[in-house]
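Spelled out from the first residue to the last, the chains are:
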Amino acid sequence: MPISTTETTISPALTASGSFTFSELVEQLNAQTSPPTLETIRTWLANAEISPLDVEPYLGFKEGNYWRHRVCRNEAVEMLVICWRPGQKTPIHDHNGSHGVVRVHKGLLWESIFSYEEDRGLSYSSGRECPAGTVTGADVPDIHQLGNPDASGQDLVTVHVYSPPLGVLNTYKLGSSQIDLYTPNDFPT
Ligand SMILES: [Fe+2]
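It should be emphasised that the depicted structure is a prediction, and the values quoted were computed from it without experimental measurement. (Residues numbered from 1 in each chain as written. Predicted model: local features only at pLDDT ≥ 70, side-chain atom pairs only at ≥ 80, totals over all residues.)

### Let's talk about the overall build of the protein
Secondary structure summary: the protein contains 4 helices and 12 strands in total. The long-range share in the protein, meaning contacts at least 24 apart out of those at least 6 apart in sequence, stands at 75%. (Helix = DSSP H or I, 4+ residues; strand = E, 2+ residues; numbered from the N terminus. Contact = placed C-beta atoms within 7 Å.)

Written out as structure tokens, the structure reads:
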């Protein structure tokens, strides 16, 4: 399947097999000079072949909080591998103008979706289970929470691509109209 965007067209060598290797995907992301669309990123991530060996350099878990590992980043796009122990989850957040796609590499992801109205504040809309292999996109202004359910009994590894790269995120509280700011900055040094 040809993979193209208005900004960039992948070279024929990459599209010949209809899929990316992990390193071709990283190369493609690094080549972006303007933000690719949500649909383009979804297609790339869905068509990438990602093996346990590919993600191994980015594996690392810690107690207390999920751990983000950056694969690549430029002004247009960034890629992360996030490692979650059972029970670890993000704050309820949006992406402050970025769109993003998540691919579940291993384990079980739970996503809760919320809606926000200024007079009513934040309320729960829906939730869904995303097993390994799921590719899910978050458009602007999706408000959600991701996590590895306590009862999963297994670690979770997810691959994320955001465009433009994430900066300061907005965080929300159920039943409240208060919006706080949150800067994810827990990269290993
Ligand atoms: Fe998110």
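Following the structure, the description resumes.
### Overview of the sheet that holds strand S4 (residues 78–84)
Strand order across the open sheet formed by 5 strands is S3-S4-S10-S5-S8, with antiparallel pairing between neighbours. The open sheet is flanked by strand S3 (67–73) and strand S8 (135–138), the only strands paired with a single partner. Strand-to-strand twist across the sheet, computed as the mean angle between neighbouring axes with direction ignored, equals 20 degrees. Sheet analysis places S4 next to strand S10 (residues 156–163), joined by 7 bridges and oriented antiparallel. (Pairing = 2+ DSSP bridges. Axes fitted to C-alpha atoms, helices over the stretch in contact; angles between N-to-C directions.)

### Considering helix H2 (residues 22–30)
Considered for burial, the residues of H2 that qualify are Leu25, Gln28 and Leu29. With its buried residues spanning 100 degrees around the axis, H2 presents them on a single face. (Buried ≥ 20, exposed ≤ 12 C-beta atoms within 10 Å, placed from the backbone. Arc of directions from axis to C-beta.)

### Here we look at the nonpolar core
Residues Trp44, Leu45, Val81, Ile82, Cys83 and Val161 are the most contacted members of the largest nonpolar core, which totals 30 residues. Listing elements by their share of this core, those giving two or more residues are H2, helix H3 (38–47), S3, S4, strand S5 (99–106), strand S6 (108–117) and S10. Broken down by element, this core gets its largest block of residues, 6 residues, from S4. If sequence neighbours within four positions are ignored, Leu45 has contacts with Val101, Arg103, Val135, Val159 and Val161. (Core = buried A, V, L, I, M, F, W, Y, C linked by C-beta atoms within 7 Å.)

### A few points about the sheet that holds S6
Pairing is antiparallel in the open sheet, where 3 strands are placed in the order S7-S6-S9. Strand pairing shows two members of the sheet lacking a second neighbour, strand S7 (121–131) and strand S9 (143–147), which therefore form its edges. Direction aside, neighbouring strands of the sheet carry axes that sit 20 degrees apart on average. Pairing geometry for S6 and S7, over 10 bridges, is antiparallel. In the strand pairing of S7, Leu109 is matched with Cys130.

### Description of unusual backbone geometry
The peptide bond linking Ser163 to Pro164 adopts the cis configuration, its omega dihedral lying at -15 degrees. Within the secondary structure, Pro164 sits in the loop between S10 and strand S11 (169–172).

### Details of the pairing of S6
Between the end of S6 and the start of S7, which pair antiparallel, lie 3 residues. Pairing analysis gives 5 bridges linking S6 to S9, with the strands arranged antiparallel. Paired with Ser112 across the strands is Gln145, a residue of S9.

### Concerning H3
For H3, every residue scored as buried is listed here: Thr40, Ile41, Arg42, Thr43, Trp44 and Leu45. Buried positions along H3 lie against strand S1 (20–21), H2, strand S2 (48–49), S5, S8 and S10.

### Section: the environment of Glu78
For Glu78, the location among the structural elements is in strand S4. The exposure class assigned to Glu78 is buried, which follows from the 20 C-beta atoms found within 10 Å. Along the backbone, Glu78 and His160 are 82 residues apart, and their C-alpha atoms lie at a distance of 8.1 Å. Residues within four places of Glu78 in sequence aside, it is in contact with Arg70, Cys72, Arg73, Tyr162, Pro165 and Leu166.

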